[in-house]
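Remarks on the overall topology
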Amino acid sequence: MKSRDDLFLLIKSFSPAEKRRLGMLPLKHDYQRLFKALNESQSFDEKAFLATEAGKEFVGKMPRKKHELYEKILQNVRAFRQPLGRQKAMEIQLREQLEDVLFLRDKKLFEQSNRRLSRVKGKAISYHLHELLIVILRIERSLLLRIQPVGYVKKLWEIHKEIEEASMVIKNKGQMLYFYDQYFIQVIQHKKLNAAIDANFLKTLITSPELKDPNGCLSFEAESNFYFCHAIHHYLLGNAQATWEFSKTLYLRWEEEREIKKVKAIEYRNVINNFLIFSNYASRYEGFDCALSRMLEGPFYSDEEEASAIDNAIHVNIQRHLHCCNWDAAKATLQEYRRKLDFISEHLIPSRIMVHYLSFSRLSLVLEDWTGAYSWAKKVNTAREGKEH
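This section reports on the structure supplied with the text. Please read these numbers as outputs of a predicted model, since none were measured by experiment.

The secondary structure content of the protein chain amounts to 19 helices and 0 strands. Here the protein chain holds 389 residues, and 43% of them are scored as buried. Here the contacts in the protein chain between residues at least 6 apart in sequence split such that 64% fall between residues at least 24 apart. Here the protein chain displays about 21,500 Å² of accessible surface, and carbon together with sulfur accounts for 53% of that area.

Here it is as structure tokens:
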């Protein structure tokens, strides 16, 4: 099996806690052996594995067995996400409710179907799910034409107007998403490829009509991407204060959207995390502690989400203390990390843990704790190998 094998990469992507749950799946013996071999290997040698299993029935069916195990894992991951408390995305929830609407419609229970559809439509509007709203409006139209109540022709044209308006919002979202991706790619190339900043290209982007005025955004999603683009634009140009101002505006804008924060909790925490990172970048700490507490409030729909939030909070906080030369607070953050290490390491991949080890090694150097600096640096290699958290 090559290192790029889908099954190998899938198994390696799971946290220790996820692997334990997968290890309890009711799999046949040959699947269990294959899973164990993949899980315990850094670079799986399929030929060696098959040699140890010589004579077994599944040896000649390895490609099919790998595919079957891959599908079984994904199937069971879907099954155990819900009991663990992970909430489905609101759009998925509403699409499932639409199945009930269509079932009632097909049973010719039109009034019941229409009532349920109205509730789904209201939620789609509240959460700015305009792509789903188009689907809902088409179902509403089909129900209207079947029922044909008094004044249905006027209502029909109202539905077409709503479809037109939702289509305009979707187009506007797409435009802002395009600029978001343009800036995101610039960040990736700048960081990973060490590419030079093309100031002329950035000027072309930022002077586009779509990025001139947030009032031109027809949805919260588009407005959020608008402020992201401006923050990243100034970040790439090295304008730390402007970067912080736009990231703060974006963060505060999300604070106004109570319902969207709940159903898009991960995106909300990403916005907070970016604000905290840019606060360190600009050495501007107004609102830092409040935002930090917001990131740790939840809601969390899985242990993995909570562990990620704690991980990000500790990282930005220790960076703040290092920037401000607040060594006592930095040491306190280090102790906090140690208290929460078992929980965090159960749900994060080793590379995330390594980031903390590097920060703590840097802190130890500043404090002239040479033994501690060496110890933390050494942990990077052990974490890399997945032997220690």
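Further remarks concern empty space enclosed by the protein. Within the structure shown, the criterion is met by 1 cavity of 30 Å³ or more. There is about 50 Å³ of room inside the largest cavity. It is helix α14 (residues 265-282) that provides the largest number of residues to the lining of the largest cavity, a total of 4 residues. For the lining of the largest cavity, the class distribution of residues is 7 nonpolar, 2 polar and no charged.

What follows deals with the packing of helix α7 (residues 110-126) against helix α8 (residues 130-147). Between α7 and α8, the least distance of the axes is 10 Å, while the angle of their chain directions is 155°. When the interaxial angle is binned, α7 and α8 end up roughly antiparallel. Relative to α8, the crossing made by α7 is left-handed. Residues Phe 110, Ser 113, Asn 114, Leu 117, Val 120, Lys 121, Ala 124 and Ile 125 of α7 form the contact with α8, whose own contacting residues are Leu 133, Ile 136, Leu 137, Ile 139, Glu 140, Leu 143, Arg 146 and Ile 147. For the contact of α7 with α8, the residue count by class is 11 nonpolar, 2 polar and 3 charged.

What the rule picks out here adds up to 23 salt bridges. Arg 95 is the salt-bridge partner of Glu 91, the closest N and O atoms lying 3.1 Å from each other. Of the two residues, Glu 91 and Arg 95 both sit in helix α6 (residues 90-106), 4 residues apart, roughly one turn of that helix. Given the relative accessible area of 30%, Glu 91 is considered partly exposed. Its salt-bridge partner being Glu 140, residue Lys 155 comes within 3.6 Å of it at the nearest N-O pair. Here Glu 140 lies in helix α8 and Lys 155 lies in helix α9 (residues 152-192), a separation of 15 residues in the sequence.

Moving on, we get to helix α17 (residues 327-347). Taking 1.5 Å of rise per residue, 21 residues should cover 30 Å, and α17 covers 29 Å from first to last C-alpha, within 8% of that figure. Where α17 bends most, the angle comes to about 60°, and this point is Leu 341. The set of residues buried in α17 consists of Ala 329, Ala 330, Thr 333, Leu 334, Tyr 337, Leu 341, Ile 344, Ser 345, Glu 346 and His 347.

This part is about the layout of surface pockets. To find leftover empty space, one rolls a probe the size of a water molecule over the atoms. Of the pockets and cavities examined, the largest pocket occupies roughly 850 Å³. Considering the residues around the largest pocket, the lining is formed by 26 residues, among which Tyr 180, Phe 184, Phe 228, Asn 270 and Asn 274 are closest to the centre. Mapped onto the lining of the largest pocket, the elements with two or more residues apiece are α9, α11 (220-236), α12 (240-255) and α14. When the residues that make up the lining of the largest pocket are grouped by side-chain class, the tally is 15 nonpolar, 6 polar and 5 charged.

Here we take up the packing of aromatic side chains. Tallying each qualifying case throughout the model produces 13 aromatic pairs. With a centroid separation of 5.4 Å and 70° between ring planes, the pair formed by Tyr 235 and Tyr 281 is classed as edge-to-face. Here the residue Tyr 235 occupies a position in helix α11, and Tyr 281 occupies one in helix α14, the gap between them amounting to 46 residues. For Tyr 281, a relative accessible area of 34% gives the class partly exposed. For the ring pair Tyr 357 and Trp 376, a centre distance of 5.5 Å and an interplane angle of 40° mean the geometry is tilted. Taken together, the positions of Tyr 357 in helix α18 (residues 350-366) and Trp 376 in helix α19 (residues 370-384) put the pair 19 residues apart, joining distant regions of the chain. When sorted by exposure, Tyr 357 lands in the same class as Trp 376, which is buried. An aromatic cluster of at least three residues, connected via ring pairs, comprises Tyr 180, Phe 184 and Phe 228.

The residue His 128 is not glycine, and still its phi comes out positive at about 60°. Its location among the elements puts His 128 in the loop between α7 and α8. A relative accessible area of 22% places His 128 in the partly exposed class. One non-glycine residue, Ser 283, adopts positive backbone phi at about 55°.

Below, the discussion takes up the side chain of Asn 225. Mapped onto the secondary structure, Asn 225 falls in helix α11. Contact partners of Asn 225, with chain neighbours within four places excluded, come to Met 176, Leu 177 and Tyr 180.

Another point: the packing of α12 against α14. When two helices pack together, their arrangement is captured by the angle between the axes and the distance separating the axes. Look at α12 against α14: their axes get within 9 Å of each other, and the N-to-C directions meet at 155°. The angle between α12 and α14 falls in the class roughly antiparallel. Note on packing geometry: the crossing formed by α12 with α14 is left-handed. Between α12 and α14, the residues in contact are Ala 240, Gln 241, Thr 243, Trp 244, Ser 247, Lys 248, Leu 250, Tyr 251, Trp 254 and Glu 255 and Glu 267, Tyr 268, Val 271, Ile 272, Phe 275, Phe 278, Ser 279, Tyr 281 and Ala 282, respectively.

Conventions we followed
- Residues numbered from 1 in each chain as written.
- Predicted model: local features only at pLDDT ≥ 70, side-chain atom pairs only at ≥ 80, totals over all residues.
- Heavy atoms only, no water.
- Helix = DSSP H or I, 4+ residues; strand = E, 2+ residues; numbered from the N terminus.
- Buried < 20%, exposed > 50% of the residue type's maximum accessible area, 1.4 Å probe, protein only.
- Contact = heavy atoms within 4.5 Å.
- Areas by Shrake-Rupley, 256 points an atom, 1.4 Å probe, with all protein chains shown as cover.
- 1 Å grid on protein atoms, 1.4 Å probe; cavity = no way out; pocket = protein on both sides within 12 Å on 5 of 7 lines; lining within 4 Å.
- Points joined across faces, edges and corners; volume = space filled by probe spheres on them.
- Nonpolar A, V, L, I, M, F, W, Y, C, P; charged D, E, K, R; others polar.
- Axes fitted to C-alpha atoms, helices over the stretch in contact; angles between N-to-C directions.
- Parallel < 35°, antiparallel > 145°, perpendicular 65-115°, else oblique.
- Left-handed = near helix turned anticlockwise from the far one by under 90°.
- Salt bridge = Lys/Arg side-chain N within 4 Å of Asp/Glu carboxyl O.
- Expected span 1.5 Å × (residues − 1).
- Bend = angle between axes of the 7 residues up to and from the residue.
- Phe/Tyr/Trp six-rings, centres within 6.5 Å; stacked < 30°, edge-to-face > 60°.

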